[in-house]
Amino acid sequence: MLHEFADLMDMHGDIFRRNAYRRAARSIEALDQSIEEIIREGRLRQIPGIGEGIASILMEIVESGTSKELERLRRTFPPGVAEMMRIPDVGPRSAVKFYHELGITNLEELKDAAEDGRIRKLSGFGERSEANILRGIRLIEQQGSRMLLSDALSKGSAIVEHIRSYGFPLVSVAGSMRRMMETIGDVDILVGTSHSVDAMEAFIAFPNAVDIIVRGESKTSVRLSDGTQADMRVVPEISHGAALQYFTGSKEHNVKLRRIAINKGLRLNEYGLFDSAGVNLVAGLKEDEIYRLLDLQPIPPELREDRGEIEAAARNQLPRLVTQRDIRGDLHVHTILSDGHDTMREMAMAAMKRGYDYVGLTDHSASLRIANGLDVDELLTSLEQARQLSNELNFPIMRGAEVDILEDGTLDYPDEVLDQLDYVIASVHSRFKMSIDQMTERIIYAIKSGKMQILGHPTGRLLGRREAYAIDLDAVMEEAARHGVAMEVNGFPERLDLNDMGCRRAKEKGIMVVLNTDAHSEEGLDNMHLAIGTARRGWLEPENILNCLPYPDIKDALAR
DNA sequence: GCCGTTTTCGGCCCGACTGTTTTCAGTCG
């Protein structure tokens, strides 16, 4: 509703109110507590961006389900006018103009008007505007949702490689990809060079680029064959660090940073940090310099969401985020025995090759028929095989299982079998549509069994395909804390579960987290960077992460 | 509408590109 307020303010031309409502909406989205709870505790006004006016609107909405002021504003424009602003290049000014001067009230009518050549009669519009509007409408009609981080990273690195092959060494991915957001809208590429024209040529020559959206001296955008938009910005080498900072975002982080610069009598833009006259360059080549000169610790990209990182950096209290080097082993790995593609030996050797100290093999339990889950005999046989393989390779293989949490909350193997395992990852793979109370109770019952060490993919979501199941994650985490159960961050590209905010909550509650890949093949082990990115976005440090422990400490920890 | 290491009033990030115009408004990120 605050976003709707913002749209309406926008249409009325009140940019400052629009920004205020937008900011308040984002603040609330970033909360990990319900707004009702915050109102009960009387802490509404402590949320940044919420003052007297918006606080009273929120209380009215929570109490009555609506706002008188919102309803009044809704009557000022038909609902379809805001809808038109979804079209690229159509903003509030244009949408309102279409409504006032042509009586257009929705997308369908706008499409007709553009096809009939009525738009070009408006001042400031011509034939090209009409064509763009029609193209934009087609685009939102067929538009897929955001892409997975994993897909974006591979597209991004393909473009980076392509441009590098033309002899440009300073090429980086920026934007939300660099912040490791779980889904990505478009691919952002940055090049530092004084030969901007040649770099643009190289970009446009990318084989997968089928359409040029905009083309200028410092910015070019193309559409890839699958509909993805890729933007490239070019700046002189000397500005590369400033530009990287700028184009990595987030927008909210950057706005706050610029305000800090202004307060210090400086100016920050994508070309560098300047004195207030905007003449003398103070910093620009290195990203870290920008932060230091603003009296901040350099802030890792994954934290740049304006969720307190700037304040922490000012106090010199940024977390020391986990890195790939801190990870000593992968504890969620499938083999050909259940639904994996490769053998125990192949997976163990693949883990060795990646420099790990150990690996944990965790095939599915019997109930998961679709994944060829192991029955008790098969499991016990595999334990013996794993023991022998471990001796032969002289590499610690921990013998675990991914055990289903059944509908009633019991685990899918008898206790005496579970006791023979080094550890148990317990996961929900069935009956996702239970009520929040039932699902929470189901998982808490499993935790109370005392037979599980790790809760696998705790919310069950599949990005773009399936919502998280209804679950009271706070209640589950509190029970997990009591029983010393760790939460998994599952690095499977469409899971990333826990997500970033889940990691942060776990950390606050003092719960250990495990970064796993859920690999079903050797290559699957390479998804660890996705789990790490998620953990970093959740402010996690090595001490919060179970598989940062070396062997045999990890084994002791799991046994405890 | 929000906010304060100049401020309780008067600011609110800033530059690139397009399409329309002959200097700029609108949109985007």
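Treat the numbers as computed from the prediction; the structure is a model and nothing was measured.

Q: Which parts of the structure should I look at to understand the overall build of chain A?
A: From N to C terminus, chain A includes 24 helices and 17 strands. A compact globule built from 560 residues would reach a C-alpha radius of gyration of about 24 Å, and chain A, at 27 Å, matches this within 12%. By principal-axis analysis of the C-alpha atoms, chain A measures approximately 80 × 60 × 50 Å. A buried classification covers 52% of the 560 residues belonging to chain A. Carbon and sulfur atoms form 48% of the exposed surface of chain A, whose accessible area is close to 25,900 Å². Within chain A, one finds 69 positive and 90 negative side-chain charges whose respective centroids are separated by 6 Å.

Q: Even after reading the chapter, I still don't get the pattern of salt bridges, so can you show me in this structure?
A: Oppositely charged side chains are able to pair whenever their charged atoms sit close together. Tallied over the entire structure, the rule returns 40 salt bridges. The residue Arg-537 makes a salt bridge to Glu-305 at a minimum N-O spacing of 2.9 Å. Here Arg-537, found in helix H23 (residues 528-537), pairs with Glu-305, found in the loop between helix H15 (287-293) and helix H16 (309-314); they are 232 residues apart in sequence, far enough to count as distant. With a relative accessible area of 15%, Glu-305 lands in the buried category. When the shortest N-O distance is used, the salt bridge between Asp-474 and Lys-509 registers 3.3 Å. Of this pair, Asp-474 sits in helix H21 (residues 473-483) while Lys-509 sits in the loop between helix H22 (500-508) and strand E17 (513-516), and the two are 35 residues apart along the sequence. With a relative accessible area of 26%, Asp-474 lands in the partly exposed category. Each member of the salt-bridge network shares a partner with another, and the members are Arg-179, Glu-305, Arg-307, Asp-500 and Arg-537.

Q: Honestly, the sheet that holds strand E10 (residues 281-283) in this entry has me stumped. Any pointers?
A: Hydrogen bonds between backbone atoms are what pair the strands of a sheet, whose relative direction is either parallel or antiparallel. The antiparallel open sheet is built from three strands, whose spatial order is E8-E9-E10. Of all the strands in the sheet, just strand E8 (266-269) and E10 have a single pairing partner and so form its edges. Each strand of the sheet is rotated relative to its neighbour by a mean of 35°, with strand direction disregarded. Note that E8 and strand E9 (residues 272-275) share four bridges and pair antiparallel. When the bridges of E9 are listed, Leu-268 appears paired with Leu-273.

Q: Could you clarify how one ought to interpret the domain arrangement of chain A in this entry?
A: Interfaces are often sized by the accessible area lost when the parts come together. When the domains of chain A are assigned, the result is domain 1 (2-142), domain 2 (147-235), domain 3 (240-314) and domain 4 (324-559). The straight-line distance from the C-alpha centre of domain 2 to that of domain 3 is 23 Å. Contact with domain 2, which involves 15 residues of that partner, is made by 14 residues of domain 3. For the pair domain 2 and domain 3, the summed buried area comes to about 1,300 Å², and 60% of that belongs to carbon and sulfur atoms. Considering only the side of domain 2, the residues that lose the most area to domain 3 are Arg-178, Arg-179 and Val-235, jointly responsible for 51% of the buried surface there. Put simply, domain 2 and domain 3 have three salt bridges between them. Of the charged contacts in the structure, one is a salt bridge between Glu-270 and Arg-233, with a shortest N-O distance of 3.3 Å. The interface formed by domain 2 and domain 3 includes seven residue pairs in polar contact (both at pLDDT 80 or more). Elements with a minimum of two residues in the side of domain 2 that touches domain 3: strand E2 (171-174), helix H11 (175-178), strand E4 (187-192) and strand E7 (229-235). Within the side of domain 2 that touches domain 3, the residues separate by chemical class into seven nonpolar, five polar and three charged.

Q: What's the story with the sheet that holds E17 in this structure? I'm lost.
A: Strand order in the open sheet made by the seven strands is E11-E12-E13-E14-E15-E16-E17, with parallel pairing throughout. Only two strands of the sheet have a single partner each, and these edge strands are strand E11 (329-333) and E17. Helix H17 (residues 344-353) contacts E11, strand E12 (358-364) and strand E13 (397-404) of the sheet and is inclined by roughly 145° relative to E12. Packed on one face of the sheet, H23 meets E11, strand E16 (486-490) and E17 and runs near 150° to E17.

Q: Hey, could you run me through the protein's contact with DNA strand B in this one?
A: Within the structure, DNA strand B sits among 45 residues, and Gly-51, Gly-91, Ser-94, Gly-126 and Arg-258 are positioned closest to it. The protein-proximal atoms of DNA strand B, defined as those within 4 Å of the protein, are 80% sugar or phosphate. Residue Gly-91 places a main-chain N or O atom 2.6 Å away from a phosphate oxygen belonging to DNA strand B. Contacts to DNA strand B include Ser-218, whose backbone N or O atom sits 2.7 Å from a phosphate oxygen. Top element by residues in the surface near DNA strand B is helix H14 (residues 251-263). It accounts for six residues. Within the surface near DNA strand B, the residues separate by chemical class into 17 nonpolar, 13 polar and 15 charged.

Q: I keep staring at helix H9 (residues 127-142) and nothing clicks. Help me out?
A: One turn of an α-helix holds 3.6 residues; hence residues three or four places apart share an orientation. With 16 residues, H9 ought to run about 22 Å at 1.5 Å a step, and its terminal C-alpha atoms sit 23 Å apart, in line with that. Along H9, the residues classified as buried are Glu-130, Ile-133, Leu-134, Gly-136, Ile-137, Leu-139 and Ile-140.

Q: Sorry if this is basic, but what is going on with the packing of aromatic side chains here?
A: The geometry of an aromatic ring pair is captured by two quantities: the separation of the ring centres and the angle between the planes. Applying the stated criterion across every chain yields a total of six aromatic pairs. Between the aromatic rings of Phe-5 and Tyr-21, the centroid separation amounts to 4.8 Å while the plane-to-plane angle is 10°, which identifies the pairing as stacked. In this pair, Phe-5 sits in helix H1 (residues 2-11) while Tyr-21 sits in helix H2 (residues 15-29), placing the two residues 16 residues apart along the sequence. Both residues of the pair, Phe-5 and Tyr-21, count as buried. With a centroid separation of 5.4 Å and 55° between ring planes, the pair formed by Phe-98 and Phe-125 is classed as tilted. Pair noted here: Phe-98 is in helix H7 (residues 92-102) and Phe-125 is in the loop between helix H8 (107-115) and H9, with a separation of 27 residues, a long-range link.

How each quantity is defined
Residues numbered from 1 in each chain as written. Chains lettered and ligands numbered in written order. Predicted model: local features only at pLDDT ≥ 70, side-chain atom pairs only at ≥ 80, totals over all residues. Heavy atoms only, no water. Helix = DSSP H or I, 4+ residues; strand = E, 2+ residues; numbered from the N terminus. Rg over C-alpha atoms; globule rule 2.2 N^0.38 Å. Buried < 20%, exposed > 50% of the residue type's maximum accessible area, 1.4 Å probe, protein only. Areas by Shrake-Rupley, 256 points an atom, 1.4 Å probe, with all protein chains shown as cover. Lys, Arg positive; Asp, Glu negative; His and termini not counted. Charge placed at Lys NZ, Arg CZ, Asp CG, Glu CD. Salt bridge = Lys/Arg side-chain N within 4 Å of Asp/Glu carboxyl O. Pairing = 2+ DSSP bridges. Axes fitted to C-alpha atoms, helices over the stretch in contact; angles between N-to-C directions. Domains from an automatic or database assignment. Contact = heavy atoms within 4.5 Å. Buried area = accessible area lost by both parts, 1.4 Å probe. Polar contact = N/O pair within 3.5 Å; in protein donor to acceptor, adjacent residues only side chain to side chain. Nonpolar A, V, L, I, M, F, W, Y, C, P; charged D, E, K, R; others polar. Near = heavy atom within 4 Å. Expected span 1.5 Å × (residues − 1). Phe/Tyr/Trp six-rings, centres within 6.5 Å; stacked < 30°, edge-to-face > 60°.

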